[in-house]
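# Coordinates in review
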Amino acid sequence: MEEPAAENAMKIDLRELEEGESKFAFEQDPADLDIQGDEAVFTGEISTSVTLHKLSEALSAVGKSTFTIRADCARCSEQIERPYEAEFSFVFQTGKPRGMEGDEDETLIWLDEESDELDLGKEVRDYILLEIPINPVCEAYESGTCPNLAQVEEIEKAASGANETDPRWAALKQVKLGE
Ligand SMILES: [Zn+2]
């Protein structure tokens, strides 16, 4: 994976981080976070706001990223563009114990003691990926007012019930066969 472009990276200089609360905001091109999908397309930038809490050696972050995705509605195929929100919170720690795997708890992030920099981008990226809907649907579908809804359900019923025969027809067939 390529490193995001430096000027857009979600990086925080830990040496300059003050005690208490610090707020940061980032605007990033999806390409900088390496998350341009095949099925869904990000339109515009990914906005992230994050608040860091530093208390002596303890460091944590809470925030959210907002982004807009363009995709085809999974039900009526209409092109849709909808905003999504990915919330995240992390606790950072140094001194990772030997032999311990880092990914048991996604919210716990081990910091490299040698590094003075915190790169939030790769952590936040995972949360954004989790929020991308697998089957996005249009608002009309969600609220039940999709004009194509009846038609779509008809087609789906026909497709899923292709092997099922209406019991009345089955009975009729029996009668005909019996003749
Ligand atoms: Zn739809």
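This text gives an overview of the structure that appears in the document. (Residues numbered from 1 in each chain as written. Predicted model: local features only at pLDDT ≥ 70, side-chain atom pairs only at ≥ 80, totals over all residues.)

With that out of the way, let us pick up the overall build of the protein. In terms of regular secondary structure, the protein is built from 4 helices and 7 strands. Buried residues in the protein amount to 18% of all 179 residues. Counting only contacts in the protein whose residues sit at least 6 apart along the sequence, the fraction spanning at least 24 positions is 60%. (Helix = DSSP H or I, 4+ residues; strand = E, 2+ residues; numbered from the N terminus. Buried ≥ 20, exposed ≤ 12 C-beta atoms within 10 Å, placed from the backbone. Contact = placed C-beta atoms within 7 Å.)

Turning to the pairing of strand S5 (residues 79-94), a few remarks are in order. Where strand S4 (residues 58-72) and S5 come together, 14 bridges link them in antiparallel fashion. Opposite Asp 72, over in S5, you have Gln 79 as the bridge partner. (Pairing = 2+ DSSP bridges.)

A word on the sheet that holds strand S6 (residues 108-111). If you trace the 5 strands from one edge of the open sheet to the other, you get S2-S3-S4-S5-S6, paired in mixed fashion. Among the strands making up the open sheet, the edge pair consists of strand S2 (20-28) and S6. Sheet twist, expressed as the mean angle between neighbouring strand axes with direction ignored, is 25°. (Axes fitted to C-alpha atoms, helices over the stretch in contact; angles between N-to-C directions.)

Let us look at the environment of Val 124. Position of Val 124 relative to the elements: it lies in helix H1 (residues 121-131). You can call Val 124 buried: it has 25 C-beta atoms within 10 Å. Here the alpha-carbon distance between Val 124 and Ser 65, two residues 59 residues apart in the chain, equals 7.9 Å. The residues contacting Val 124, other than those within four sequence positions of it, are Met 10, Thr 48, Ser 65 and Phe 88.

This paragraph deals with unusual backbone geometry. Look at Asp 34: it is not a glycine, yet its phi comes out positive at around 60°. The residue Asp 34 is located in the loop between S2 and strand S3 (41-55) in this model. Positive phi, close to 55°, is recorded for Ser 56, a residue that is not glycine. On the basis of neighbour counts, which here come to 6 C-beta atoms within 10 Å, the residue Ser 56 falls in the exposed class.

Turning our eyes to something else, we now look at the environment of Glu 139. Inspection of the secondary structure assignment puts Glu 139 in helix H2 (residues 139-142). Judged by local crowding, Glu 139 falls into the exposed class, with 11 C-beta atoms found within 10 Å.

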